[in-house]
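Spelled out, the chains give:
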Amino acid sequence: MLFGAVMVTGLAADVITKSVVVARLDPQSPVRLLGGLLTLRLLRNPGAAFSQGQRFTYVFAVAAIVVLAFVIIRLVPRLRHRGWAVALGLLCAGVAGNLVDRIFRSPAVLRGHVVDFLQLPYFAIFNVADMCITTSAALIIYWSVIKGVGLNGERDARPPAKQRAKGGT
């Protein structure tokens, strides 16, 4: 249930914010907020992070479908830990959010450009889906590497990374 709630909430936040930005933001007139710490700048990105792989949009769409299927079919049924449910829910929300753009936005199905609109100084322009994916990655590292907790909520046989660094076995 938690996985589904996180996924639906993250996906809804991504789709709604992109819809508002596309309807209201002029690509030629970015909006500076918080003294320039955050700029709303509409960009349609055919590639992946940092606009890489612009000619392989369909590959990103197919990869997103594979990731979603793998997580939902293979990992979600094994979930027994709230932290992992949040992490995987955010991952699927982010992947699904950008996939919605790839499927439904121009120029064509599986070749649609992702709407990006959040810009920090000296950083790439991104969206809510990207924030979900990044937060998910941090949580996955935290639960698996630092805490040593598996999807089922059981601790790994190895001590957490913090104990290993102090000389534990």
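To be clear, the structure that these remarks concern was listed above.
What comes next concerns the included structure. Fair warning: this is a prediction, and the values are worked out from it, not measured in the lab.

All right, on to a nonpolar patch on the surface then. There is a patch of nonpolar side chains on the surface, built from Val 31, Leu 33, Leu 34, Leu 37, Leu 120 and Phe 123 and spanning about 540 Å² of accessible area. Along the polypeptide, Leu 34 turns up in the loop between strand 1 (31–33) and strand 2 (38–45). Given the relative accessible area of 66%, Leu 34 is considered exposed.

Moving on to the side chain of His 81. With respect to the secondary-structure elements, His 81 resides in the loop between helix 2 (57–75) and helix 3 (82–104). In this view, His 81 contacts Trp 143, Val 149, Gly 150, Leu 151 and Gly 153; residues no more than four positions away in its chain are not counted.

Let's shift gears to the packing of aromatic side chains. Inspection of the entire model under this criterion finds 2 aromatic pairs. The interplanar angle of 80 degrees and the centroid separation of 6.0 Å between the aromatic rings of Phe 123 and Phe 126 together place this pair among those described as edge-to-face. Classification of Phe 123 by relative accessible area gives partly exposed; the value is 46%. On the basis of an interplanar angle of 75 degrees and a centroid distance of 4.9 Å, the ring pair of Tyr 142 and Trp 143 is categorised as edge-to-face. With relative accessibility at 32%, the residue Tyr 142 sits in the partly exposed group.

This part covers the pattern of salt bridges. Applying the stated criterion to the full structure yields 3 salt bridges. With a closest N to O distance of 2.8 Å, Lys 18 and Asp 101 form a salt bridge. Placement of the pair is Lys 18 in helix 1 (residues 2–24) and Asp 101 in helix 3, with a sequence separation of 83 residues. For the residue pair Lys 18 and Asp 101, the accessibility class agrees, reading buried in each case.

Bringing helix 2 into the picture now. Taking 1.5 Å per residue as the helical rise, helix 2 with its 19 residues ought to reach 27 Å, and the 26 Å between its terminal C-alpha atoms agrees with that figure. Within helix 2, burial applies to Thr 57, Ala 61, Ala 64, Leu 68, Val 71 and Leu 75. Taken down its axis, helix 2 places every buried residue within 130 degrees of arc, on the same side. Relative to its buried face, helix 2 has exposed residues pointing more than 90 degrees away, namely Val 66, Ile 73 and Arg 74. Turning to helix 2, the residues buried within the fold contact helix 1 and helix 3.

To continue, consider the packing of helix 3 against helix 4 (residues 128–146). Running from amino to carboxyl end, helix 3 crosses helix 4 at an angle of 150 degrees, the nearest separation of the two axes being 8 Å. The pairing of helix 3 with helix 4 is recorded here as roughly antiparallel in orientation. The chirality of how helix 3 crosses helix 4 is left-handed. Contacts between helix 3 and helix 4 involve Gly 83, Trp 84, Val 86, Ala 87, Leu 88, Leu 90, Leu 91, Ala 93, Gly 94, Val 95, Gly 97 and Asn 98 on the former and, on the latter, Ala 129, Asp 130, Cys 132, Ile 133, Thr 135, Ser 136, Leu 139, Ile 140, Trp 143 and Ser 144.

Quick look at the sheet that holds strand 3 (residues 114–119) now. In space, the 4 strands of this open sheet follow the order 1-2-3-4, with antiparallel pairing throughout. Two strands in the sheet have a free side with no partner beyond their single neighbour: strand 1 and strand 4 (125–126). By the bridge criterion, 5 bridges tie strand 2 to strand 3 in an arrangement that is antiparallel. Looking across to strand 3, one finds that Thr 39 is bridged to Gln 119. Sheet contacts for helix 1: strand 2 and strand 3; angle to strand 3, the most-contacted strand, approximately 85 degrees.

The rules behind the values
- Residues numbered from 1 in each chain as written.
- Predicted model: local features only at pLDDT ≥ 70, side-chain atom pairs only at ≥ 80, totals over all residues.
- Heavy atoms only, no water.
- Patch = residues over 30% accessible without salt bridge, like charges linked within 9 Å, V, L, I, M, F, W, Y side chains within 5 Å.
- Areas by Shrake-Rupley, 256 points an atom, 1.4 Å probe, with all protein chains shown as cover.
- Salt bridge = Lys/Arg side-chain N within 4 Å of Asp/Glu carboxyl O.
- Helix = DSSP H or I, 4+ residues; strand = E, 2+ residues; numbered from the N terminus.
- Buried < 20%, exposed > 50% of the residue type's maximum accessible area, 1.4 Å probe, protein only.
- Contact = heavy atoms within 4.5 Å.
- Phe/Tyr/Trp six-rings, centres within 6.5 Å; stacked < 30°, edge-to-face > 60°.
- Expected span 1.5 Å × (residues − 1).
- Arc of directions from axis to C-beta.
- Axes fitted to C-alpha atoms, helices over the stretch in contact; angles between N-to-C directions.
- Parallel < 35°, antiparallel > 145°, perpendicular 65-115°, else oblique.
- Left-handed = near helix turned anticlockwise from the far one by under 90°.
- Pairing = 2+ DSSP bridges.

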